[in-house]
Amino acid sequence: MNKTYIRNTKLFVIAFCLFLLPFSVSAKENALRIEHSIDSKFPTEKRTFTVQLPKSYYSQTKFAYPVMYLLDGQSNLEYSDAVENYLADNALMPEVIIVAMHSGATRSRDYLPMNEQNEASGNADQFLKYMEQELLPFIDKNYRAAPLKILSGHSYGGVCVTFAMIEKPDMFQAYFAQSPFLDKTIGNPLVEHLAKFLEANPKLDSFYYMNVGDEPNLEENFKKVKELFEAKAPKSFKWNAEYNMGKSHMTTRFVGQYYALEHFFAKDWTLSQQEIISGKFAGVKKHIDDLSKKYGYPILYSEQTLAQATQIFLSTQDVPSATKTAELVTTQYPKSAIAHFFLAVSSRASGNKEKAIQAVETAIKLYEANPKEELKPLYANMKQLQQVLAQK
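What you see is a predicted model; the values in this text were computed from it and never measured. (Residues numbered from 1 in each chain as written. Predicted model: local features only at pLDDT ≥ 70, side-chain atom pairs only at ≥ 80, totals over all residues. Heavy atoms only, no water.)

**Let's talk about the pairing of strand E7 (residues 207-212)**
Here's step 1: Among the six residues of E7, six are classified as buried, and the element is accordingly described as predominantly covered.
Here's step 2: Where burial is concerned, the two faces of E7 agree: the one with Phe-207, Tyr-209 and Asn-211 and the one with Tyr-208, Met-210 and Val-212 are both buried.
Here's step 3: As judged from the five bridges shared by strand E6 (residues 174-178) and E7, these two strands associate in the parallel manner. Bridge pairing in E7 links Tyr-175 to Tyr-208.
Here's step 4: One crossover worth recording links E6 to the parallel E7 by way of helix H7 (residues 184-200), and it is right-handed.
Here's step 5: Inspection of the sheet shows E7 paired to strand E8 (residues 238-243) by six bridges, in the parallel sense. By the bridge assignment, Val-212 is partnered in E8 with Tyr-243.
Here's step 6: With helix H8 (residues 216-232) bridging E7 and its parallel neighbour E8, the resulting β-α-β unit is right-handed. (Buried < 20%, exposed > 50% of the residue type's maximum accessible area, 1.4 Å probe, protein only. Helix = DSSP H or I, 4+ residues; strand = E, 2+ residues; numbered from the N terminus. Pairing = 2+ DSSP bridges. Right-handed = clockwise from strand over helix to strand, strands pointing away.)

This is the structure in structure tokens:
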């Protein structure tokens, strides 16, 4: 490594401490959790739901977000939001909008399809009409919703998710059913319905996840569904069916939400260090472009992964890739002080002093406008770099 490169990247070693810092977008100008009520015709009544927006929603106004529609939202939102944030922060999935649909006295009526063997069954077909004709259009109109949509539910909600996939296979791209309550009275007719559906849909290309814990009353139909997928599901249909040993009916919803999101996204989303090094900037850019093409909308990729890629390129002396990656981070995250600091470091390493000065000044302004305790060490590095760059 030559002396000029060492001199130009002194602060880079300090920047590696950012691997340990939590990455998050700075601005939260508006509420991230919003309550709504709409007048439904399916049936005629008022329905309520909560919209949980991603942390970056108000600062990343050029981007749309996938939407996860969550049944029993009043009890499932908190942990679902925590799971999504954890996976998104670790570059295993994108940030998503969560639409938490409230349930109550009408839960059995809304979530269960009509079933003569079960007196608690209801009008799930009407609930699907509510989602298709009222709820989804409302979200698409009022929020920056990407075309990618997920339906997730637990217990009776898992029955509704399974029924929705059979009746409306194109309404959502992914269906998550945690411990769907497929006992003999509710499950037997639905399993028969599923078998006919798979036979009639050889080009099915959606995703379905289901799990079950230590639940003897649900195990028989869980096995039947798994056998149906193994025997009749087309290759284009992706699915996972998991038995979670030691989990109860109430705890499968936690682990199921995590594993469903991980199975659906993580295999595509992550970039390993070796892939970053070998692919250079072109590989990083291609990875994001491929994700955008597959999921059908322009991807806002993980700030943490892109920043780490910048550091990896600098550590391997691939300054051109470092600079281009840093520029990409500032384009996707223009209000991030971290992103602009990395652009300053990489620009200095490339010998572009003017660009480095501009970038570090922007980073300082962004930090001072919204100072955070965990970024104080970084702020000191910004000021130090600014002083170094001011020298002739």
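**A few points about the environment of Thr-310**
Here's step 1: By the element assignment, Thr-310 lies in helix H11 (residues 303-315).
Here's step 2: For Thr-310, a relative accessible area of 0% corresponds to the buried category.
Here's step 3: Between the alpha carbons of Thr-310 and Ile-38 there is a distance of 46 Å; along the sequence they are 272 residues apart.
Here's step 4: The contact partners of Thr-310, leaving out residues within four places of it in the chain, are Ala-322, Thr-325, Ala-326, Val-329 and Phe-342. (Contact = heavy atoms within 4.5 Å.)

**What about the pattern of salt bridges?**
Here's step 1: Summed over all chains, the structure comprises 18 salt bridges.
Here's step 2: A salt bridge links Glu-45 to Arg-47; the shortest N-O distance between them is 3.5 Å.
Here's step 3: Where Asp-290 meets Lys-286, a salt bridge forms, and the shortest distance between an N and an O atom there is 2.7 Å. Remark: Lys-286 and Asp-290 occur in helix H10 (residues 273-295); sequence separation between them is four residues, near one turn of the helix.
Here's step 4: Given a relative accessible area of 39%, Asp-290 falls into the partly exposed group.
Here's step 5: Ionic contacts of the salt-bridge type, sharing partners, join the residues Glu-45, Arg-47, Arg-109 and Asp-110 into one network. (Salt bridge = Lys/Arg side-chain N within 4 Å of Asp/Glu carboxyl O.)

**Section: the sheet that holds E7**
Here's step 1: With mixed pairing, the eight strands of this open sheet are ordered in space as E1-E2-E4-E3-E5-E6-E7-E8. Strands at the two margins of the open sheet, each flanked by one partner only, are strand E1 (33-41) and E8. Across the sheet, the mean angle separating the axes of adjacent strands is 20° when strand polarity is ignored.
Here's step 2: In terms of strand pairing, strand E3 (residues 65-70) meets strand E4 (residues 97-101) through four bridges, oriented parallel. Following the sheet pairing, Tyr-69 is matched in E4 by Val-99. (Axes fitted to C-alpha atoms, helices over the stretch in contact; angles between N-to-C directions.)

**Describing the packing of helix H9 (residues 252-269) against H10**
Here's step 1: Contact geometry of H9 with H10 gives a least axis separation of 11 Å together with a crossing angle of 145°. For the pair H9 and H10, contact is made by Phe-264, Phe-265, Asp-268 and Trp-269 and by His-287, Leu-291, Lys-294 and Tyr-295, respectively.
Here's step 2: Split into classes, the residues belonging to the contact of H9 with H10 amount to five nonpolar, one polar and two charged. (Nonpolar A, V, L, I, M, F, W, Y, C, P; charged D, E, K, R; others polar.)

**A few points about helix H3 (residues 73-89)**
Here's step 1: With 17 residues, H3 ought to run about 24 Å at 1.5 Å a step, and its terminal C-alpha atoms sit 22 Å apart, in line with that.
Here's step 2: The largest bend in H3 is about 25°, located at Tyr-79.
Here's step 3: All buried positions along H3 are accounted for by Gly-73, Asn-76, Leu-77, Tyr-79, Ser-80, Asp-81, Val-83, Glu-84, Asn-85, Leu-87 and Ala-88.
Here's step 4: Those residues of H3 that are buried are in contact with E1, strand E2 (44-52), E3, E4, strand E5 (145-154) and H9.
Here's step 5: Looking one or two places after H3, you find Ala-91, whose phi comes out positive at around 60°. (Expected span 1.5 Å × (residues − 1). Bend = angle between axes of the 7 residues up to and from the residue.)

Bear in mind that shape data such as this cannot, by itself, settle questions of function.
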